Amino acid sequence: MESIIEIQNLNYEINNKRILDNICLKVKEGELVGLIGPNGAGKTTLLKCLNGIYKAEGTVKVNGVLIDRMSNKSLAEKIALMHQNTQIGFPFPAKEVVLMGRYPYLKRMQRESKEDFKIARKNMEYTDTEKLEDCAINEMSGGERQRVLFAKTLTQQTDIILLDEPTASLDITYQEQIFKYARDLSEQGKTVLAAIHDLKIAAKYCTRLVLMNDGKIVSDGSPEEVLTSMNLSRVYGVNALVYKNRITGLLDIYIHKVNEKNKSVRFHVIGGGGTAGSVLRQLYEQGYYVSAGVFFQGDSDIASAEVFGIDYLVEKPFSSITDRLFNENLAYIEKAHTTVLCNMPLGFQNIRNLEAAEQAEKLVIIEDDLPETRDFTGGKAGEIYNRLKSKAVAVINSSRLHEVL
Ligand SMILES: Nc1ncnc2c1ncn2[C@@H]1O[C@H](COP(=O)(O)OP(=O)(O)OP(=O)(O)O)[C@@H](O)[C@H]1O
């Protein structure tokens with residue numbers, strides 16, 4: 001398929017400072033591309049070059065035609081840009097602002113036709129802004145104004161739509177809504193490029209992400225290809241873990257700061273049934289060496305251990321812990337400075353985890369629920385648990401774990 005947008009060797013400077021550095025990018029019809037990158041990466045500047053607001057060195061073609069050869073009006077029939085934080089000083093009613101989207105199609109002094117009004121109205125309905133039609137644009141909340149401006153952008157009826165931080169002042173419902181609209185538009189064959197800071201929304205809706213830094217494109221591909229821990233760490237200067245959220249099935253990002261000083265201190269975590277996730281995270285953030293187990297296949301604690309790169313032991317589902325895994329668990333416990341027993345359900349299947357915990361030199365028990373309420377062995381596990389309690393260095397609520405780390 002031909003590219004609807006083709007950018008080659010684009011360079012742009014302001015006051016001798018290189019803002020865009022040799023940008024090359026081709027976008028196909030119907031793509032929904034997220035432009036991501038830290039503040040100052042050059043996203044807005046790139047969108048403005050595409051829209052002809054900034055004249056840069058290099059070439060920008062739309063449908064194979066150089067935009068320098070197009071008049072402002074004919075470019076505005078092809079590309080609409082919704083600016084970041086647009087302020088309008090004059091109290092235009094919303095419906096007039098939306099109608100302004102029709103300007104590329106009107107001759108000098110020509111009034112809008114019935115058809116123009118119809119298009120504007122349809123887009124106000126679509127963006128849930130009809131109720132605001134008589135409200136002054138400069139007296140609206142940031143989010144309301146943003147939605148009216150989005151309706152105006154759509155009213156321009158262009159094949160290419162550029163959105164610069166379209167969700168900046170929107171509440172969570174409308175943040176998602178704008179990107180649902182953007183996805184609908186791309187499914188209808190429109191091409192959408194959106195500068196966006198929210199990486200989770202970018203991953204959820206965009207078919208392709210372009211990561212920029214210092215005026216350059218540093219990665220370009222599917223959300224999975226671009227949103228890697230390495231890319232995010234390199235560009236944003238943070239420690240980031242990128243993983244598939246097992247509950248939502250979506251790409252998720254966890255930004256964190258790890259204390260690098262604690263690597264030689266070992267913790268072992270006994271959990272299960274999703275009770276270990278938060279414990280593993282907190283220990284990971286402290287930078288300790290952490291091992292965990294014995295979990296049973298299918299447990300969400302395994303997903304947590306994998307995200308945090310923690311060594312763990314896993315048994316087949318619905319089986320008791322074998323001697324081999326019991327001994328491996330013991331070996332981890334013996335090497336650990338501290339063993340943490342989570343607030344897990346107690347059954348015949350995992351009773352050997354409690355037996356192993358008896359060997360811990362220093363045991364911390366997390367108790368959010370009384371053991372009687374989660375003992376499914378008729379008291380057998382409860383007996384061991386009570387012995388563990390009497391030797392534990394701390395029995396705490398999970399919200400207080402940080403106090404003993
Ligand atoms: N009018 C200007 N005069 C001087 N420098 C500018 C101007 N406009 C942009 N810049 C600089 O160009 C660089 C890129 O800015 P741009 O707004 O394109 O980045 P961005 O990726 O959109 O950032 P943000 O995510 O913060 O909106 C920044 O370093 C910015 O300071």
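So, how was this worked out
- Counting restarts for each chain, with residues numbered from 1 along the sequence as it is written.
- For a predicted model such as this one, the threshold for reporting local features is a pLDDT of at least 70, and the threshold for listing and counting side-chain atom pairs is 80 or more; totals across whole chains, interfaces and linings nevertheless cover every residue.
- By convention in this description, side-chain values take in all heavy atoms of the structure and omit both hydrogens and water.
- In this text, near means that some heavy atom of the residue lies within 4 Å of the molecule or strand in question.
- We define a polar contact as two N or O atoms separated by no more than 3.5 Å, with the added condition that, inside protein, one atom must be a possible hydrogen donor and the other a possible acceptor, whereas residues neighbouring each other in sequence contribute only through side-chain atom pairs.
- Per-residue and other accessible areas follow the Shrake-Rupley method at a 1.4 Å probe size, with only the shown protein chains counted as cover for residues.
- What counts as a helix is a DSSP run of H or I of at least four residues, what counts as a strand is a run of E of at least two, and both are numbered from the N terminus.
- Gly falls in the polar group here, along with every residue not listed as nonpolar (Ala, Val, Leu, Ile, Met, Phe, Trp, Tyr, Cys, Pro) or charged (Asp, Glu, Lys, Arg).
- When the sulfur atoms of two cysteines come within 2.5 Å, that pair is taken as a disulfide.
- The classification of residues rests on relative accessible area computed with a 1.4 Å probe and restricted to protein chains. Under 20% of the type maximum is buried, over 50% is exposed, and intermediate values are partly exposed.
- In this analysis, rings of Phe, Tyr and Trp, with Trp reduced to its six-membered ring, are considered paired at centre separations within 6.5 Å, and the interplanar angle assigns stacked below 30 degrees, edge-to-face beyond 60, and tilted for intermediate values.
- A ring has a charge above it when a Lys NZ or an Arg CZ is no more than 6 Å from the ring centre and no more than 35 degrees off the ring normal.
- UniProt positions are given in the numbering used here, feature names are shortened, and annotations may be inferred rather than shown by experiment.
- Expected helix span is taken as 1.5 Å per residue step, with the number of steps being one fewer than the number of residues.
- The contact definition used throughout considers only heavy atoms, calling two residues in contact when any of these lie within 4.5 Å.
- In this entry, domain limits derive from an automatic or database-based domain assignment.
- Among buried residues, those of type Ala, Val, Leu, Ile, Met, Phe, Trp, Tyr and Cys that are joined through side-chain atoms within 4.5 Å constitute a nonpolar core.
- Axes here refer to lines fitted to C-alpha atoms; in helices the fit is confined to the stretch in contact. Angles between the N-to-C directions go from 0 to 180 degrees.
- We call two directions roughly parallel when the angle between them is under 35 degrees, roughly antiparallel when it is over 145, roughly perpendicular when it lies between 65 and 115, and oblique otherwise.

As annotated in an unreviewed UniProt entry, the protein carries the name ABC transporter related protein and comes from Ruminiclostridium papyrosolvens DSM 2782.

Colleague: Looking at this structure, I do not really get the site of the ligand. What am I missing?
Modeller: Near the ligand there are 13 residues, and of these Gly40, Lys43, Thr44, Thr45 and His197 occur at the shortest range. Contact between the ligand and lysine 43: an oxygen atom at 2.7 Å from a side-chain N or O atom of the residue. Note that an oxygen atom of the ligand is positioned 2.5 Å from one of the side-chain N or O atoms of threonine 45. Coverage of the ligand by the protein chains reaches 64% of its 630 Å² of free accessible surface. If you list the elements that add at least two residues to the shell around the ligand, you get strand E2 (17-28) and helix H1 (43-50). Broken down by element, the residue count for the shell around the ligand peaks at three residues, all from H1. Of the residues in the shell around the ligand, the class split is four nonpolar, seven polar and two charged.

Colleague: Even after reading the chapter, I still don't get the state of the cysteines, so can you show me in this structure?
Modeller: Between two cysteines, a covalent bond joining their sulfur atoms is known as a disulfide. Under the counting rule described, the total for this entry stands at zero disulfides. Cysteine 49 supplies the cysteine sulfur nearest to cysteine 24, a cysteine that is in no disulfide, at a spacing of 13 Å. Judged by its relative accessible area of 42%, cysteine 24 falls in the partly exposed class.

Colleague: In this structure, what is going on with the packing of aromatic side chains? I would like to understand it.
Modeller: Think of a pair of aromatic rings as described by two things: how far the centres are apart, and how the planes are tilted against each other in angle. Inspection of the entire model under this criterion finds nine aromatic pairs. Here phenylalanine 90 and phenylalanine 92 contribute two aromatic rings whose centre-to-centre distance is 4.8 Å and whose plane-to-plane angle is 55°, an arrangement assigned as tilted. Residue class for phenylalanine 92 comes out partly exposed when judged on its relative accessible area of 25%. Here tyrosine 254 and phenylalanine 308 contribute two aromatic rings whose centre-to-centre distance is 5.7 Å and whose plane-to-plane angle is 80°, an arrangement assigned as edge-to-face. Residue tyrosine 254 is found in strand E12 (residues 251-256), and its partner phenylalanine 308 is found in the loop between helix H11 (300-307) and strand E15 (311-315); the two are separated by 54 residues along the sequence. Each member of the pair, tyrosine 254 as well as phenylalanine 308, is classed as buried. Aromatic ring contacts, followed pair by pair, group Tyr126, Phe150 and Tyr181 into a single cluster. The positively charged end of arginine 147 is found above the aromatic ring belonging to tyrosine 174, 3.8 Å away from the centroid. The side chain of arginine 352 reaches across the aromatic face of phenylalanine 326, ending 4.4 Å from its centre.

Colleague: Mind showing me how you'd approach the environment of serine 319 here?
Modeller: Take serine 319: it is sitting in the loop between E15 and helix H12 (323-335). Sequence separation of serine 319 and arginine 234 is 85 residues, and the distance between their C-alpha atoms is 44 Å.

Colleague: Would you explain the UniProt feature "domain: ABC transporter" (unreviewed entry) in the protein in this entry?
Modeller: When the UniProt feature table is mapped onto this chain, "domain: ABC transporter" (unreviewed entry) is found at residues 5-239. The span residues 5-239 is 35% helical and 26% strand by assignment, and the distance between its end C-alpha atoms comes to 34 Å.

Colleague: Just checking my understanding: could you explain the pairing of strand E3 (residues 32-36) for this structure?
Modeller: Regular strands show a simple pattern: their side chains alternate between the two faces of the sheet. Taken across its five residues, E3 has five buried, putting it largely inside the fold. Residues Leu32, Gly34 and Ile36 of E3 are buried on one face, and the alternating residues Val33 and Leu35, pointing to the opposite face, are buried as well.

Colleague: For this particular structure, what's the right way to read helix H6 (residues 172-187)?
Modeller: Count 3.6 residues to each turn of an α-helix, and residues three or four apart come out pointing the same way. In this model, H6 (16 residues) spans 23 Å end to end at C-alpha, consistent with the 22 Å of a helix rising 1.5 Å per residue. As for H6, its buried residues are in contact with E3, helix H4 (114-126), helix H5 (142-155), strand E7 (160-164), strand E8 (191-195) and helix H7 (199-205). Its side-chain oxygen 3.0 Å from the backbone nitrogen of threonine 173, aspartate 171 forms the N-cap of H6.

Colleague: Whenever I open this one, the domain arrangement of the protein confuses me. Can you help?
Modeller: Accessible area lost upon the coming together of the parts is a frequently used measure of interface size. Taken domain by domain, the protein holds domain 1 (3-226) and domain 2 (260-404). Measuring from the centre of the C-alpha atoms in domain 1 to the corresponding centre in domain 2 gives 51 Å.

Colleague: Whenever I open this one, the nonpolar core confuses me. Can you help?
Modeller: Across soluble globular proteins, nonpolar side chains have a tendency to be buried as a group. Ile36, Phe150, Leu163, Phe179, Leu209 and Leu227 are the most contacted members of the largest nonpolar core, which has 32 residues in total. Ranked by residues supplied to this core, first place goes to H6 with six residues. Leucine 163 has contacts with Leu47, Met82, Phe150, Val192, Leu193, Ala194 and Ala195, leaving out every residue within four places of it along the chain. Counting residues in each nonpolar core, the second largest holds 30 residues, with Ile4, Val60, Leu75 and Leu193 among its members.

Colleague: What exactly am I supposed to notice about the packing of H5 against H6 here?
Modeller: If you want to describe how two helices pack, look at the angle between their axes and the distance between the axes. Relative orientation of the contacting elements H5 and H6 amounts to 10°, with a least axis distance of 12 Å. Our classification of the angle between H5 and H6 gives roughly parallel. Residues Arg147, Phe150 and Leu154 of H5 touch H6, and the partners they reach there are Tyr174, Ile178, Tyr181 and Leu185.

Colleague: So what exactly am I meant to see when it comes to unusual backbone geometry here?
Modeller: Glycine 293 connects to valine 294 through a cis peptide bond whose omega is -5°. The backbone of aspartate 214 sits at a positive phi, close to 50°, despite the residue not being glycine. Along the chain, aspartate 214 falls in the loop between strand E9 (208-213) and strand E10 (216-221). The phi torsion at phenylalanine 318 lies on the positive side, around 60°, for a residue other than glycine. In this fold, phenylalanine 318 is placed in the loop between E15 and H12.

Colleague: What is the right way to look at H5 in this model?
Modeller: Over its 14 residues, H5 runs 20 Å from end to end, which matches the ideal 20 Å to within 8%, given 1.5 Å per residue. Where burial is concerned, most of H5 is hidden: 11 out of the 14 residues are buried. Looking only at H5, the buried set comprises Gly143, Arg145, Gln146, Arg147, Val148, Leu149, Phe150, Ala151, Thr153, Leu154 and Thr155. Tucked inside the fold, the buried residues of H5 contact strand E6 (79-82), helix H3 (94-99), H4, E7 and H6. Once H5 finishes, glutamine 157 follows within two positions and takes phi at roughly 45°, a positive value.

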